[in-house]
Structure formats: C-alpha cells, structure tokens
Amino acid sequence: MAAVKDIFVFLDGKAPFQYQLGFDNAGFLVGRGDWAVTRLLVALDITPEVIQEAVERGCQLIVSHHPVIWDKLGQVTDESLTGRKVLALIQHGIAAICAHTNLDAVEEGVNTQLARRVGLSDTVPLEEDGVDDQGRPYGIGRVGELPEAMSLPDFTVQVKRGLGLSGVRVLDAGVPVHRVAVGGGSCGGMLGQVKAMGCDTFLTAELKHDVYLEARALGVNLLDAGHYSTEAVVCPTLAAWLGEAFPEVEVLQAQRQGEVFAYL
C-alpha cells in the first residue's frame, strides 16, 4: 500500500524539489509521511472548496501545484485563511504535497503542457537553470514555434480553444505570430528574455501596464490568458503520472476549482 512519503519520493523524481526557486515553498507541507493513501486528489490550489471535496470523496492526500503554506507561519489558528486550511487538512487526516516552481521548470511540466495546448513544437526553456539527470535543460518558461506563421487574431482563437477560455487580454504589436514564448502564471518580468530569444509573441498571465508598454516598444505581441488557465494544464499530467506509478491508488482530479473571475 502506498504511503504519503512514497508519493513524495516519486514526485521528487519527476520534478525534483531542489529545482524550486528561492522564494518558493514547494514540498511535503502537511501531514504524516506514513499515512496510507488509497485515494488522492490533484488540484491547482488547495482552497477550502478543494479540501471539502477531498473530504467528501474520501481522499487522504491532495497533490497541488500552488503551496498551501506560502508565507512564514507564526501560528496555526482559525484566524487566518492559511491556518484554517491547515487545521482542516489535519483534522480530516489529509496530507498535502505541493509541486510549484520545480514543476514549472521540468520537461513535461507546466510550461511544456502549456506550449503543447497552444500548438507549439520543438520547445526549449525560456530561461535555462540547469540540466537534469537525463541531460535535458530545465528552467522556467518555454519557447517554441508554430508550424507556420499566423495572424495574432487567429492565434488568439487557437489559444482560447486550447485553454477553454472565453476571453484573453491581447496587445497587438503589429507582427505575425510564429516564434512564441509561454510562461505559466505570472511571468511578465521575463519579457526581456522573450525578446532576446527572438520571440514575436509572449503568452503568460497577470501582466502589468508597464509590461504592455514595453512589449509594444519592443514589437512583441502579448496574450494574458489568466494565472489559473495557464497552469491548470498540468493537472491532467500530474494525475496521469500518479495513476501510472501507483495503480493501487485512485487518482482523482478536483472538480471544485477554476478561474476565480469571469468575463462579462
């Protein structure tokens, strides 16, 4: 029977936690390593709704992308959202493993999946941080190419279809789309690297006004597809990894999650 620690060791092999960035708090964050796991839930965020879903579906573990504990915890009480979530997990005997920037960086992780969803091939890291034990470079973001150049409106339709979106914020820099960089989540600070890599288009999320101005000056198209949508693409991959490695564990994907805002 699988235990929490077994699943952590497996994930550490797929997306080594040592690859996480310095500000991050990825890892085995809540629970006991020897807790048995017969059913687990994969989610992007560990929200109160996802915790309740895990309780109702009889899960002993949540594997998420975003860390359930982010800032330093001086206390664990019901007076903060993080405290309430940690208490609920412990009270219901549910562990939490969170693979964040390490999962962003590795091959087949967040950014590889995002690039595939929008039709890119032959991808390389946008920013190379090192080489894994198979000799593959890893790092945040991906750069790839479309089979042939297309207009920005056509590419936007392709992105909306690939990510299941009703809307995308777009800056049209007046150039066709061919060599594209993607950065799941908030990667607007990497615009300079995007230009240096010869990209005409950058797909990411949570872009600030000054990034749009800079992109226009640099001649780079921008698409802001939302933090949730650019990273939730990894949840099916996580579920597939875990289901193959632990056939005795029922691997579920969270249903009570999604973008927290809507376009009206």
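Residues numbered from 1 in each chain as written. Predicted model: local features only at pLDDT ≥ 70, side-chain atom pairs only at ≥ 80, totals over all residues. Heavy atoms only, no water.

A.B. asks: Can you tell me about the packing of aromatic side chains, naming the residues and giving the values?
C.D. replies: Evaluated as defined, the whole model comprises 5 aromatic pairs. An aromatic cluster is present here, built from Phe8, Phe17 and Phe28 joined pairwise through their rings. (Phe/Tyr/Trp six-rings, centres within 6.5 Å; stacked < 30°, edge-to-face > 60°.)

A.B. asks: Can you lay out the sheet that holds strand β12 (residues 221-224) for me, pointing to particular residues and giving the numbers?
C.D. replies: Sheet architecture is open: 6 strands sit in the order β5-β8-β10-β11-β12-β9, paired in mixed fashion. Both edges of this open sheet fall to β5 (121-125) and β9 (169-171), since each of them pairs with a single strand only. Ignoring which end each strand starts from, the neighbouring axes of this sheet average 25° apart. By the bridge criterion, 3 bridges tie β5 to strand β8 (residues 142-150) in an arrangement that is antiparallel. Residue pairing for β8: Ser121 is matched across the bridge by Glu145. Relative to strand β10 (residues 177-186), helix α5 (residues 110-117) is tilted by about 135°, and along the sheet it contacts β5, β8, β10 and β11 (201-205). Packing of helix α6 (residues 152-163) onto the sheet brings it into contact with β8, β9, β10, β11 and β12, and relative to β8 it is tilted by some 120°. (Pairing = 2+ DSSP bridges. Helix = DSSP H or I, 4+ residues; strand = E, 2+ residues; numbered from the N terminus. Axes fitted to C-alpha atoms, helices over the stretch in contact; angles between N-to-C directions. Contact = heavy atoms within 4.5 Å.)

A.B. asks: Go over the layout of surface pockets with me, naming the residues and quoting the values.
C.D. replies: Considering only enclosed or pocket space, the largest pocket measures out at about 490 Å³ in volume. Looking at the lining of the largest pocket, the elements that each hand over two or more residues are α3 (81-91), α4 (101-105), β10 and α9 (227-231). No other element matches β10, which puts 3 residues into the lining of the largest pocket. When its residues are assigned to classes, the lining of the largest pocket shows 11 nonpolar, 8 polar and 5 charged. (1 Å grid on protein atoms, 1.4 Å probe; cavity = no way out; pocket = protein on both sides within 12 Å on 5 of 7 lines; lining within 4 Å. Points joined across faces, edges and corners; volume = space filled by probe spheres on them. Nonpolar A, V, L, I, M, F, W, Y, C, P; charged D, E, K, R; others polar.)

A.B. asks: Explain the pairing of strand β2 (residues 39-43) to me, and be specific about the residues and the numbers.
C.D. replies: By the criterion of burial, β2 is predominantly enclosed, with 4 of the 5 residues buried. In this sheet, strand β13 (residues 250-253) lies alongside β2 in parallel orientation, the contact comprising 4 bridges. Across the sheet, Leu41 pairs through a bridge with Leu252, a residue of β13. Pairing of β2 with strand β3 (residues 61-64), which is carried by 4 bridges, proceeds in the parallel orientation. The residue bridging Val42 from the neighbouring strand is Val63, located in β3. Traced from β2 through helix α2 (residues 48-56) to β3, the parallel crossover comes out right-handed. (Buried < 20%, exposed > 50% of the residue type's maximum accessible area, 1.4 Å probe, protein only. Right-handed = clockwise from strand over helix to strand, strands pointing away.)

A.B. asks: Now, about unusual backbone geometry: what can you tell me, with residues and values included?
C.D. replies: In this model, Glu108 sits at a positive phi of 75°, which is unusual for a non-glycine residue. In this structure, Asp122 is a non-glycine residue whose phi angle is positive, near 50°. The residue Asp122 is located in strand β5 in this model. Among the residues examined, Asp122 registers a relative accessible area of 73% and is labelled exposed.

The analysis is restricted to geometry; functional conclusions fall outside its scope.
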